[in-house]
Amino acid sequence: MSTSTPSAPPGTEDPPPARAAPRRGRRDPARTGWRRALRRDWQLYSLAVLPLLFFLVFRYLPMIGNVIAFRRFEPGGSIFGEEWVGLRYVQMFLNDPTFWQVFRNTLWIGGLTLLFCFPVPIVLALLLNEVRRRSLKRFVQSVSYLPHFLSIVIVAGITMQMLASDGPVNHLLGWFGHDPIRFIQEPEWFRTIYVGSEIWQTAGWGTILYLAALTTIDEDLYEAVRIDGANRWQQIWHVTLPGIRPTMVTLLILNIGTFMAVGFEKVLLLYNPLTYPTADVISTYVYRSGVESNSFSYAAAIGLFEAIIGLVLITSANQLSRRTVGTSLW
Amino acid sequence: MVKPSRSYRVFQGVNGVVLTLVVLVTLYPFVNIIARSFSGERQIRAGEVTLLPKGFNPTTYEIVFQDSMFWRNYGNTVLYTVVATAVAMVLTTCYAYVLSKKHLKGRGLLVGIAVFTMFFTGGLIPNYVLVTNLGLKNTLWAIALPNAISVFNLLVMKAFFESLPGELEEAAQIDGLSTYGILLRIVLPLSKAVVATMVLFYSVSFWNSWFSAFLYLDSSELMPVTVYLRNLISGATTGGNAGAADAQLSQVGANIQAVTIVLTSLPILCVYPFVQRYFVSGVMLGAVKG
């Protein structure tokens, strides 16, 4: 395996640190015990200490911290709560009409996002793929990626400016003799606004992986179906779409996994008490009950419920896709 | 090549129109916001501003420039971005390097510990309780530490390290360099491209972030500029329960928002043309492995 020979000119080499164990162990990599691994690679393991600490403290401790959903919690007390209270908080939210309202809203917004924001990048990528002039294609790509790089606060700000009573959208409505609409204050507009701004922000960036997959499709396949007399549409249907299917399925699974989480930050920025009836989702309700009203256990119970649904969704989507189309994340 | 049929030429025409519309719809809001930021209050109120400023009025910029809170928050954004990116780079690089060593015992477990957090997280409330109990509230560590490693970036970097030829490292090892020495003097100089990409990924995301600050910082003096902007926006929708920074400015409303939007996105817009391709290649690299 090691083809290189000791090549350092004599005298210039650093003396090897005393404790840096020689890697002779590599000769018999079969079954080295932990002790030997530690002795040989302790420097590598030492590099992993701080990152592991990060994961344990900031990722795994909060997971365990979810026990406060079943325990009484006092602000300033232990992060794991004071005493067991069983399913009290679960029963509480199951009997809370607001919970069911935000649950419905979450399904609505998540469903609409999946329905619209998932296919748009595919269509856009197919259209871009048909562009012959490389410079033109590149220009359209660069422009359409741009919104992805902006802060969500800026996207929300721009959305509101566009929809303001003096903004361009109402200006356009004015041309058609329509009275200005107070979009941001009207509950029936919220879902449209949310999905619209989501498409504006993510559609371009979402094409990247599809465009990459499109370049990997073998040109010979197109040639073959063309000889069989396939027209453009049939080529897309029989060659292009099957070619990007693994990418589509992977992204679909990921989208289903984040279904319940919906764009929490965007909703938080765009909604207001007037639009709560359609805009308030589980995550924003968790935020308000926990951080604003200090009902930490209650909010944690709802949050845990949401996370578990998310995990179940992504696992079952993954299983289903592994069985049916043979593509899966793990 | 078969000569294009008439229907295909029609399709090309339609495609051109659709893509032009995509470009226009994407760019128009930016143009409009810039036009608004330079327009007169009356012209904005009347809905006259579309592509070009109407009633040219740079005074809104002066008002924002004179607001010390704006500058303070802007400075905070710079500080938080630099510190958080530095912390994130150190932790991510170390862990990615460890994970890239195929022979390492327990490597699978170390990868699993990271990847599992992509699919299941503790959630808002336990995180909030944790950060509060650690005493990190109202410090910049509340922003830098809880988001120090993005698993996606970690996997991108790991994939890159794995693609480096092993011979160089082996030679360096025989020359007596320690693991730290190899990482610093051999691997990182060979990885300038991926390091630059990761710095960009992290700094853009920290520059843009607002929620950690909104959640964990209490005083408006500590806020990054994104929260400053958020307070302006929320003041506009809820009829003015925004922060103190907003109060003295509320009379000029819409322009202020436009100006702040322009000034906050300016750094991103300036570097965007040059860094865009790094982002694209980074995402591809991550997609192959992730």
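Because the structure is a prediction, the values reported are computed rather than measured.

A count of helical and extended segments in chain A gives 15 helices and two strands. For 330 residues, the compact-globule formula gives about 20 Å, and the C-alpha radius of gyration of chain A, at 27 Å, lies well above that figure. Counting across all 330 residues of chain A, residues that qualify as buried make up 35%. A separation threshold of at least 6 residues defines the contact pool for chain A, and within that pool the share at least 24 residues apart is 63%.

This part is about the packing of helix α8 (residues 151–163) of chain B against helix α11 (residues 192–208) of chain B. Residues and elements named next belong to chain B. Across the interface, α8 lies against α11 with an axial gap of 10 Å and an inter-helix angle of 175°. Classified by the interaxial angle, the pair formed by α8 and α11 is roughly antiparallel. Residues N153, M157 and F160 of α8 form the contact with α11, whose own contacting residues are V194, M198, F201 and Y202. Considering only residue class, the contact of α8 with α11 consists of six nonpolar, one polar and no charged.

In terms of nonpolar packing, the biggest core is built from 135 residues, with A301(A), I302(A), Y95(B) and V98(B) touching the most fellow members. Counting residues per element, this core draws most heavily on helix α4 (residues 68–99) of chain B, which supplies twelve residues. Excluding residues that lie within four positions of it along the chain, V98(B) makes contacts with L44(A), L47(A), A48(A), L104(B) and L110(B).

Residues and elements named next belong to chain B. Once the domains are mapped, chain B shows domain 1 (1–57) and domain 2 (60–290). With seven residues of domain 1 in contact, the opposing surface of domain 2 contributes eight residues. Elements with a minimum of two residues in the side of domain 1 that touches domain 2: α1 (6–37) and α2 (41–45). The element that contributes the greatest number of residues to the side of domain 1 that touches domain 2 is α1, accounting for four residues. Taken together, the residues that form the side of domain 1 that touches domain 2 break down as three nonpolar, two polar and two charged.

Cut-offs applied
- Residues numbered from 1 in each chain as written.
- Chains lettered and ligands numbered in written order.
- Predicted model: local features only at pLDDT ≥ 70, side-chain atom pairs only at ≥ 80, totals over all residues.
- Helix = DSSP H or I, 4+ residues; strand = E, 2+ residues; numbered from the N terminus.
- Rg over C-alpha atoms; globule rule 2.2 N^0.38 Å.
- Buried ≥ 20, exposed ≤ 12 C-beta atoms within 10 Å, placed from the backbone.
- Contact = placed C-beta atoms within 7 Å.
- Axes fitted to C-alpha atoms, helices over the stretch in contact; angles between N-to-C directions.
- Parallel < 35°, antiparallel > 145°, perpendicular 65-115°, else oblique.
- Nonpolar A, V, L, I, M, F, W, Y, C, P; charged D, E, K, R; others polar.
- Core = buried A, V, L, I, M, F, W, Y, C linked by C-beta atoms within 7 Å.
- Domains from an automatic or database assignment.

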